[in-house]
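Chain and residue survey
So you can see what is in the structure, the chains are spelled out below.
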Amino acid sequence: TINGSKISPENFQAKRNIGYLPQYPQLPKWITPIEILTYAASLHQLSSAHEKINNELQYWDCESYQRKPLILCSHGMQK
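Summarised in this report is the structure supplied together with it. (Residues numbered from 1 in each chain as written. Predicted model: local features only at pLDDT ≥ 70, side-chain atom pairs only at ≥ 80, totals over all residues. Heavy atoms only, no water.)

Thoughts on the overall build of the chain
This is how it is decided: For helices the rule is a DSSP run of H or I covering at least 4 residues; for strands it is a run of E covering at least 2, with both sets numbered from the N terminus onward. We compute the radius of gyration over the C-alpha atoms and compare it with the globule rule, which gives 2.2 Å times the number of residues raised to the power 0.38. Throughout this description, buried means an accessible area under 20% of the type-specific maximum (1.4 Å probe, protein chains only), exposed means over 50%, and partly exposed covers the range between. Contacts between residues were defined by any pair of non-hydrogen atoms, one from each residue, lying within 4.5 Å.
Broken down by element type, the chain carries four helices and zero strands. Put simply, the chain runs from its N terminus to its C terminus through helices and strands in the order α-α-α-α. By the compact-globule yardstick of 12 Å for 79 residues, the chain is too spread out, its C-alpha radius of gyration being 15 Å. Seen through its principal axes, the chain has C-alpha atoms that stretch 40 × 30 × 20 Å. Put simply, the chain has 79 residues, and 18% of those count as buried. Of all intrachain contacts in the chain linking residues separated by at least 6 positions in sequence, the fraction that spans at least 24 positions is 53%.

Written out as structure tokens, the structure is:
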């Protein structure tokens, strides 16, 4: 259980509380962080996605990396 909800394939809300960070991401090296975040926001149907993405980039001090291809980012920054 997570936050009192039983994990099952049908329980989408409970699965939204789980994150996964692989040791070696399998993302295309030409994609940019802003593209990844925009795609993830669309999958989760976030309202005000653009504003939330900008807030997170600012919070994590990653604004200067948002349009750089992943190949130009460090391993830690790629994560």
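Past the structure itself, the notes keep going.
As for the packing of helix 2 (residues 33-43) against helix 3 (residues 49-59)
The test is simple: The axes used here are C-alpha line fits, helices contributing only the stretch in contact, and every angle between their N-to-C directions lies in the interval 0 to 180 degrees. Here is the rule for angles: anything less than 35 degrees is roughly parallel, anything more than 145 is roughly antiparallel, 65 through 115 is roughly perpendicular, and the remaining ranges are oblique. Crossings are classed by handedness, with left-handed meaning an anticlockwise turn of the near helix from the far one by less than a right angle and right-handed meaning a clockwise turn. Basically, the charged four are Asp, Glu, Lys and Arg, the nonpolar ten are Ala, Val, Leu, Ile, Met, Phe, Trp, Tyr, Cys and Pro, and anything else, Gly included, counts as polar.
Running from amino to carboxyl end, helix 2 crosses helix 3 at an angle of 135 degrees, the nearest separation of the two axes being 10 Å. On the basis of the axis angle, helix 2 is oblique to helix 3. Judged by the twist between their axes, the crossing of helix 2 over helix 3 is right-handed. From helix 2, I34, L37, T38 and A41 reach across to helix 3, where they touch A49, I53 and L57. Of the residues in the contact of helix 2 with helix 3, the class split is six nonpolar, one polar and no charged.

Concerning the layout of surface pockets
This is how it is decided: A 1.4 Å probe that fits but cannot get out identifies a cavity on a 1 Å grid over protein atoms alone, an open set with protein on both sides within 12 Å along at least five of seven lines counts as a pocket, and a residue lines either if it has an atom within 4 Å of a point. Grid points are joined across faces, edges and corners, and a volume is the space filled by probe spheres set on the points.
Estimates place the volume of the largest pocket at around 650 Å³. Every residue lining the largest pocket is counted, 19 residues in all, and those nearest its centre are I36, L37, M77, Q78 and K79. In this structure, the second largest pocket encloses a volume near 340 Å³. As for the second largest pocket, its lining consists of 14 residues, of which L37, A40, A41, H44 and L46 are closest to the centre. Counting residues per element, the ones that place at least two in the lining of the second largest pocket are helix 2 and helix 3. Examining the composition of the lining of the second largest pocket, we find that six residues originate from one element, helix 2, more than from any other. Taken together, the residues of the lining of the second largest pocket break down into 10 nonpolar, two polar and two charged.

Quick notes on the state of the cysteines
Formally: The rule for a disulfide is simple: a pair of cysteine sulfur atoms within 2.5 Å.
What the rule picks out here adds up to zero disulfides. There is no disulfide at C62, and the cysteine sulfur nearest it, in C73, is 8.8 Å away. Overall, C62 belongs to the buried group, its relative accessible area being 15%.

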